[in-house]
Amino acid sequence: MNFETIVFYIFAALTIFAALRVITARNPVHAVLFLVLAFISSSGIWLLLEAEFLAITLVLVYVGAVMVLFLFVVMMLDINLVRLREGFWRWLPFGAALAGLMAFEMIWVLGSTETAGGIQAVKHAADYSNTKELGRLIYTDYVYPFELAAVLLLIAMVAAIALTLRRRKDSKSQVVPDQIAVKKADRLRIVPMKAERKDSATN
């Protein structure tokens, strides 16, 4: 067993442990922190597979942005843990069956003779860039699926903005054309008043 295999088993054990703690931790903040540990361990496995771009993307995007957002949301919200655990035992058989199905699929794929025989470690030169190779594949062989995914993400962004900015009775917004077309007579009213004289007797 070489050093690379030992490091792989360490990262794999950390990933499995962190994933189990995500669903078994009682504190939501601890669950989010264990999820961060699972992502970091997964990025270590990506590094062992010589996929540095995917590893740094996993750390920057998920750990640096998404998980930090989740952590702040969980810490700011007053989560009722008792209500959150309601129905846990009712959905436990369904979750166990789904987890068993996923484990069966992974074992079947990894243990198949078709996939096991085709998985071989490829040694690349020192100047090999997987980022360049990934970009070449995305913009040549997989350009149409990549553009389709970009369009779907754009539609999701537009839909999210439209749902956020939908007209509500309690919302107030500025009407720019009305503000530009305003005149002095609409905002300013001059009222004529007579000058008052002080009575000499009162002085």
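Keep in mind that this is a model prediction, so the values were computed, not measured.

A contiguous nonpolar surface patch, about 1,200 Å² in accessible area, is contributed by Trp91, Phe94, Leu98, Leu101, Met102, Phe104, Met106, Trp108, Val109 and Leu110. For Val109, the position within the fold is in helix H5 (residues 88–111). Among the residues examined, Val109 registers a relative accessible area of 38% and is labelled partly exposed.

Here the focus is the UniProt feature "transmembrane region" (unreviewed entry) in the protein chain. Taken from the UniProt record, the annotation "transmembrane region" (unreviewed entry) applies to residues 6–24, 31–49, 55–79, 91–110 and 142–165. For residues 6–24, helix accounts for 100% and strand for 0%, while the C-alpha atoms at its two ends are 27 Å apart. Strand forms 0% of residues 31–49 and helix 95%; the C-alpha atoms that close the span are 27 Å apart.

This part is about the packing of helix H1 (residues 3–24) against helix H2 (residues 28–48). Contact geometry of H1 with H2 gives a least axis separation of 8 Å together with a crossing angle of 155°. Classed by the angle they form, the pair H1 and H2 counts as roughly antiparallel. For H1 against H2, the interelement crossing comes out left-handed. Across the interface between the two elements, Glu4, Val7, Phe8, Phe11, Ala12, Leu14, Thr15, Phe17, Ala18, Ala19, Arg21 and Val22 from H1 touch Ala31, Phe34, Leu35, Leu37, Ala38, Ser41, Ser42, Gly44, Ile45 and Leu48 from H2. When the residues that make up the contact of H1 with H2 are grouped by side-chain class, the tally is 16 nonpolar, four polar and two charged.

Its 25 residues give helix H3 (residues 52–76) an end-to-end C-alpha distance of 34 Å, which sits within 8% of 36 Å, the value for a rise of 1.5 Å per residue. Considering bend angle alone, the principal kink of H3 is centred on Met67 and spans about 30°. Residues Ala55, Leu58, Val63, Met67, Leu71 and Val74 constitute the buried set of H3.

It is worth spelling out the nonpolar core at this point. Core analysis: the largest hydrophobic core is formed by eight residues, namely Val32, Val36, Phe39, Leu58, Val63, Met67, Leu71 and Val74. For this core, the elements supplying multiple residues, two or more each, are H2 and H3. For this core, the element with the most residues is H3, which contributes five residues. Sequence-distant contacts of Val63, defined by excluding residues within four places in its chain, comprise Val36, Phe39, Ile40, Leu58 and Val68.

Conventions adopted
Residues numbered from 1 in each chain as written. Predicted model: local features only at pLDDT ≥ 70, side-chain atom pairs only at ≥ 80, totals over all residues. Heavy atoms only, no water. Patch = residues over 30% accessible without salt bridge, like charges linked within 9 Å, V, L, I, M, F, W, Y side chains within 5 Å. Areas by Shrake-Rupley, 256 points an atom, 1.4 Å probe, with all protein chains shown as cover. Salt bridge = Lys/Arg side-chain N within 4 Å of Asp/Glu carboxyl O. Helix = DSSP H or I, 4+ residues; strand = E, 2+ residues; numbered from the N terminus. Buried < 20%, exposed > 50% of the residue type's maximum accessible area, 1.4 Å probe, protein only. UniProt positions renumbered as here; feature names shortened; annotations may be inferred. Axes fitted to C-alpha atoms, helices over the stretch in contact; angles between N-to-C directions. Parallel < 35°, antiparallel > 145°, perpendicular 65-115°, else oblique. Left-handed = near helix turned anticlockwise from the far one by under 90°. Contact = heavy atoms within 4.5 Å. Nonpolar A, V, L, I, M, F, W, Y, C, P; charged D, E, K, R; others polar. Expected span 1.5 Å × (residues − 1). Bend = angle between axes of the 7 residues up to and from the residue. Core = buried A, V, L, I, M, F, W, Y, C linked by side-chain atoms within 4.5 Å.

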